[in-house]
Amino acid sequence: GEQSPGATLTSAEKLEIAQMLAKLGVDVIEAGFPIASPDDFNAVKQIADIVGNDVFEDGYVPVICGLSRANQKDIQTAWDAVKGAKLPRVHTFIATSQIHMETKLNKTPDQVV
């Protein structure tokens, strides 16, 4: 992730890393969080379009994932970024700490589950 100050990668660097992971045979590459910014969306889309369509001689092609919060806008944005890959996937998550459920989501634990 890029949650650490000074750890930002360019789209070209992200693409290069994804290409190296594919060469290593990594089965699933979570390419990023497309809703985070237009740059992140474009980086994930580029990885999906290039790495996610580069079929190796043995038939291997990695699954390309976009990370998404569990809401319709995020899921659609992630899908739009990865849908160009041969094997697209959207990883979803939702806040599960008590304070996040109560203050951010305004939901009970049963509603979150």
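Parameters at a glance
Residues numbered from 1 in each chain as written. Predicted model: local features only at pLDDT ≥ 70, side-chain atom pairs only at ≥ 80, totals over all residues. Heavy atoms only, no water. Pairing = 2+ DSSP bridges. Helix = DSSP H or I, 4+ residues; strand = E, 2+ residues; numbered from the N terminus. Axes fitted to C-alpha atoms, helices over the stretch in contact; angles between N-to-C directions. Right-handed = clockwise from strand over helix to strand, strands pointing away.

**Side note on the sheet that holds strand 1 (residues 28-32)**
Read from one edge of the open sheet, three strands run 1-2-3, paired in parallel fashion. Bordering the open sheet on either side are strand 1 and strand 3 (88-93), each of which pairs with just one other strand. Averaged over all pairs of adjacent strands, the angle between strand axes in this sheet comes to 35°, irrespective of strand direction.

**Focus on the pairing of strand 3**
Here strand 2 (residues 63-69) runs beside strand 3; their pairing, made up of six bridges, is parallel. When the sheet's bridge partners are listed, Ile 64 is paired in strand 3 with Pro 88. With helix 3 (residues 72-82) bridging strand 2 and the parallel strand 3, this β-α-β connection has right-handed handedness.

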